[in-house]
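# Secondary and tertiary structure notes
Each chain is listed here by its residues.
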Amino acid sequence: GTARLWRAATGELLHTLAGHSKAVDRASFAPGGAQVLTTAFDGTARLWDVQSGESLLTLRGEDGLVKCATLSPDGAKLLLATGSEFPRLLSAETGECLLTLVGHSDWVCDASFSPDGMLLTTASFDGTARIWNTLTGECLQVLTGHTGAVVAADIGFC
């Protein structure tokens, strides 16, 4: 599987990001646009350098599945949710596990960071969304009341 980077103004192909062994299902740019994060059906997430097209980091789901990967606003941390109830907060530079978030009872399928990167939301098939402290891994809120799986979550400031 590949992803392609195009110059929007001209349609010029900049890079073909090759390395996944199955179809790419999601791609998102890091804040500032210097990197792009892809996930694929091969159970991996990859972080790429936009200028060179080089793969900087490859992360594998421990169970062969990646449901979601997202970068913090400063680009330093990466949340990886695999086919489990325990999403991991990783170093975007080394892939080292910084925190494992414990609390969901079913797969986590989506996550997002707050604009300042201090909070993280997760959505799960257990019917809850949770808000986490990204420094400590503490669950600050459990949002309940849904009648089925929660498949998306986002956080802002009110």
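To be clear, the structure that these remarks concern was listed above.
Residues numbered from 1 in each chain as written. Predicted model: local features only at pLDDT ≥ 70, side-chain atom pairs only at ≥ 80, totals over all residues. Heavy atoms only, no water.

So, about the overall build of the protein chain. Within the protein chain, the secondary structure is distributed over zero helices and 14 strands. Helices and strands in the protein chain line up, N terminus first, as β-β-β-β-β-β-β-β-β-β-β-β-β-β. Whereas a compact globule of 158 residues would reach a radius of gyration of roughly 15 Å, the protein chain reaches 16 Å, a difference of no more than 12%. Its C-alpha atoms put the protein chain at 45 × 30 × 30 Å along the principal axes. Here the protein chain holds 158 residues, and 45% of them are scored as buried. A separation threshold of at least 6 residues defines the contact pool for the protein chain, and within that pool the share at least 24 residues apart is 31%. For the protein chain, the accessible area works out to roughly 7900 Å², and carbon and sulfur atoms hold 52% of it. (Helix = DSSP H or I, 4+ residues; strand = E, 2+ residues; numbered from the N terminus. Rg over C-alpha atoms; globule rule 2.2 N^0.38 Å. Buried < 20%, exposed > 50% of the residue type's maximum accessible area, 1.4 Å probe, protein only. Contact = heavy atoms within 4.5 Å. Areas by Shrake-Rupley, 256 points an atom, 1.4 Å probe, with all protein chains shown as cover.)

A few words now on the state of the cysteines. Following the criterion strictly, the structure yields zero disulfides and no others. You can see C68 has no disulfide; the closest cysteine sulfur is in C109, sitting 8.2 Å from it. (Disulfide = S-S within 2.5 Å.)

The subject of this paragraph is a nonpolar patch on the surface. On the surface, W107, F125 and V151 cluster together to form a nonpolar patch covering roughly 260 Å² of accessible area. By the secondary structure assignment, W107 is in the loop between β10 (97-100) and β11 (108-113). (Patch = residues over 30% accessible without salt bridge, like charges linked within 9 Å, V, L, I, M, F, W, Y side chains within 5 Å. Salt bridge = Lys/Arg side-chain N within 4 Å of Asp/Glu carboxyl O.)

Inspection of the entire model under this criterion finds one aromatic pair. Pairing W107 with F125 gives two aromatic rings, centres 6.3 Å apart and planes at 55 degrees, and the pair type is tilted. A residue pair is termed long-range when its members are at least 10 positions apart, and W107 in the loop between β10 and β11 and F125 in the loop between β12 (119-124) and β13 (129-133) qualify at 18 residues. (Phe/Tyr/Trp six-rings, centres within 6.5 Å; stacked < 30°, edge-to-face > 60°.)

Pairing in this open sheet of four strands is antiparallel, and the strands run β11-β12-β13-β14 from one edge to the other. The outermost strands of the open sheet, each flanked by one partner alone, are β11 and β14 (139-143). This sheet shows a mean twist of 20 degrees between the axes of neighbouring strands, independent of strand direction. Bridge count between β12 and β13: five bridges; the pairing is antiparallel. The residue bridging A123 from the neighbouring strand is A129, located in β13. (Pairing = 2+ DSSP bridges. Axes fitted to C-alpha atoms, helices over the stretch in contact; angles between N-to-C directions.)

The biggest cluster of nonpolar side chains holds 13 residues, and the ones touching the most others in it are L37, L59, L71, L78 and L80. The element that contributes the greatest number of residues to this core is strand β7 (residues 66-71), accounting for three residues. What L59 contacts, discounting residues up to four positions off in sequence, is G43, T44, A45, L78, L80, L90 and G95. Counting residues in each nonpolar core, the second largest holds eleven residues, with L79, L89, L101 and F113 among its members. (Core = buried A, V, L, I, M, F, W, Y, C linked by side-chain atoms within 4.5 Å.)

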